Every structure is written in C-alpha cells, then in structure tokens.
Amino acid sequence: TSFRLLQRLLTGNGTSNPDIRNSHQNCYILTEQDFNMALNVCVTTGEMELAHKVIGLQKRISTAPPLTAVTYSILIKGYGRLKNGVMIDEIIRRAVSNEIVPDIIMFNSIIDAYIRCDMMEQAKFVFQSMTSSSSSSFEQLYGETNAPRSTLRSTCQPDAQTYNTLLKGLALKGDAKKSLDLAQQMKDLDMWNDVSMNTLVNALVRAHEFQLAEDMLRDQANGMSVASNINGQSNRRNAEAHTELIDGYAKNGELGKALQVLQNMKNAGIEPNEITYTCVIGALAKEGKISQAQKLLQYAEA
C-alpha cells in the first residue's frame, strides 16, 4: 500500500485529480522522510522486495531526494531482522560503491544487524573500523579495487548505543570475560548507563556467573544517589537487571537465592515488575511451594 501510494503521488497514475495527472512536473515533490517512512513500513513487515521497489522508484524519479545513509541503515536493519548476513554485506558494498558517508546510525545499524545474524567477528570489525586511526579497513573489506571510495571509516566515533550493542552481542555469546572488559572500557569513557548494566547482567547470567552479577547489582544499588533512586526510568531499568538475575537463579534451581535477590530489590527501593513476580511465582510453583506462590500472586495483584 505504501509503495503504491508513493508511486501514484510521484507519477500521477491512478489518481482522479487532473491537476496531478496533467501537472507539468507530473509528480509531487516528496521528501526523504516520505520515502523513509514507506521504506520502514516495508522493512518492519519483512517485505524486502517491496523495500527495493521503493528505492528503485526513488532513484528513477528526477525530483526524488537522493539515497542517503538513512536509506541504507533501514535496509540493513531489515536484513538483520531476517538474519540475512549475505544481503547485509551486499547492501554495505552498494553503499560504498555509491560513495555514501555513513553516520553513527548507519554504523550502529550494521553492528546490530551482524549481531542478529550471529556474525560477531564482523560486528567487532566494524566497531574497530570506527575507532581505528589508520586507513579504512572497512573499505578494504567491502570496496572493490576499482570502485569509488567513500570514507566508510568516517569521523564519527562510537557512542553509548554502539558500545551497548556490542555488549549485547557478547552477552548473547555468554562471554563474561570480554563483556567485563568492554564494560570497564565503557566506564572509563563515561559510556556506562542502566542499559549497559542490564546487558552485562544478562551476559553474566548466561555464563552462570550469578554471584558476580549479584555483587555488581548490590554495588550499584548502594552507590545510587537519592535522585537516581527516585527516577522512574532508572528504577524500571534496575528492575529489569534484577529480574534477569532472579530468572537465572530460578532456572538454575536456586530458589533461595532468587528470593534473596527479590528481597534485595525491595531493600534498595527498586519496585519489582510483573515479569519479576512471574519469574518468582513460577519458580515457587515448580518447587511445589504452591501456598507461597499463591500468596505472592495475591501480593503482586494487590
């Protein structure tokens, strides 16, 4: 629908308005945002063939805006969701060939897409190309020998989202050591935030480093200022990290420790959420502690 609407607006075909059909320009002037919205709809629904038709239309119409880093970022995001690493590589090569200068959003999209495809080495390569001061190793990987060169090793540096995305990749691998190393680097660069803590706890739980995750959460809770403790967003995100640990303990058959983490949350003024209670109630029921599970359910619903 989005593609057909764009096509009609640009060409006038299929419209009942004679001013549109007979216009000297024979088209509406649509902005980059208009095309990106249509492209996003296609990508979100997994219609990548239609996404390429939208881009083809954008390239054919003389008054349409040129393709930008945003265009390629959206395509890369789509193929990341489909876990199609081959097409991610192809889209990046096209960007290089078309002399697209990537922005931080495009770099973050590439790293996230590779991680979704379980291509961690490629994700780390792109991350390193952002921090490298040498000539662009990124171009050496994606650019053909005689192809036009874009500065794909652009001047933009990794931001907090870049680091968190890479940390997410390490967490999915359950690589506790590399996750801790990257976490320290993030803290040194002042890139650490609540999302980082959630992701690191996820990595430690996957590696069964439960006690280390618990110690980190306790240290964070003890170090929180009054202002951050009353901040709703911070509170919710800390609840997510604690819930991750509770779920890890519960699945590992350590109900007592899961209950202790729940108590630690309350002591720190962190309100458990629905998922927290669901994890604990499920663990209690699994251990045959039906009465306790029912009491906790009543408390959660109150």
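Our structure's up above, just so we're on the same page.
Residues numbered from 1 in each chain as written. Predicted model: local features only at pLDDT ≥ 70, side-chain atom pairs only at ≥ 80, totals over all residues. Heavy atoms only, no water.

**Student:** Looking at this model, I keep getting lost on the pattern of salt bridges. Mind explaining?
**Tutor:** Opposite charge on two side chains allows them to pair when their charged atoms are near. According to the stated counting rule, one finds 10 salt bridges in the structure shown. Residue Lys124 is joined to Glu121 by a salt bridge in which the shortest nitrogen-to-oxygen separation is 3.1 Å. One end of the pair, Lys124, and the other, Glu121, are both in helix 8 (residues 120–131), 3 residues apart, so they sit about a helical turn from each other. Glu254 is paired through a salt bridge with Lys257; the nearest N and O atoms lie 3.5 Å apart. In this structure Glu254 comes out as partly exposed when scored by relative accessible area, which is 23%. When salt bridges that share partners are traced, they join Asp112, Arg116 and Lys168 into one network. (Salt bridge = Lys/Arg side-chain N within 4 Å of Asp/Glu carboxyl O. Helix = DSSP H or I, 4+ residues; strand = E, 2+ residues; numbered from the N terminus. Buried < 20%, exposed > 50% of the residue type's maximum accessible area, 1.4 Å probe, protein only.)

**Student:** I would appreciate a short explanation of the side chain of Asn164 in the present structure.
**Tutor:** Topologically, Asn164 is positioned in helix 10 (residues 160–173). Classification of Asn164 by relative accessible area gives buried; the value is 10%. In contact with Asn164, other than residues within four places in its own chain, are Met186, Asn193, Val195, Ser196 and Thr199. (Contact = heavy atoms within 4.5 Å.)

**Student:** What exactly am I supposed to notice about the nonpolar core here?
**Tutor:** Note that soluble globular proteins tend to have their nonpolar side chains buried in a common cluster. Ile76, Ile88, Met106, Tyr114, Val201, Leu245 and Ile246 are the most contacted members of the largest nonpolar core, which totals 80 residues. It is helix 7 (residues 104–116) that contributes the most residues to this core, 7 residues altogether. Among all residues touching Ile246, those that are not within four sequence positions of it are Ala258, Val261, Leu262, Met265, Thr276, Cys279 and Val280. (Core = buried A, V, L, I, M, F, W, Y, C linked by side-chain atoms within 4.5 Å.)

**Student:** What is the right way to read the side chain of Ser129 from this model?
**Tutor:** Tracing the sequence through the fold places Ser129 in helix 8. A relative accessible area of 1% places Ser129 in the buried class. At a separation of 2.6 Å, a polar atom in the side chain of Ser129 contacts the main-chain carbonyl oxygen of Val126. (Polar contact = N/O pair within 3.5 Å; in protein donor to acceptor, adjacent residues only side chain to side chain.)

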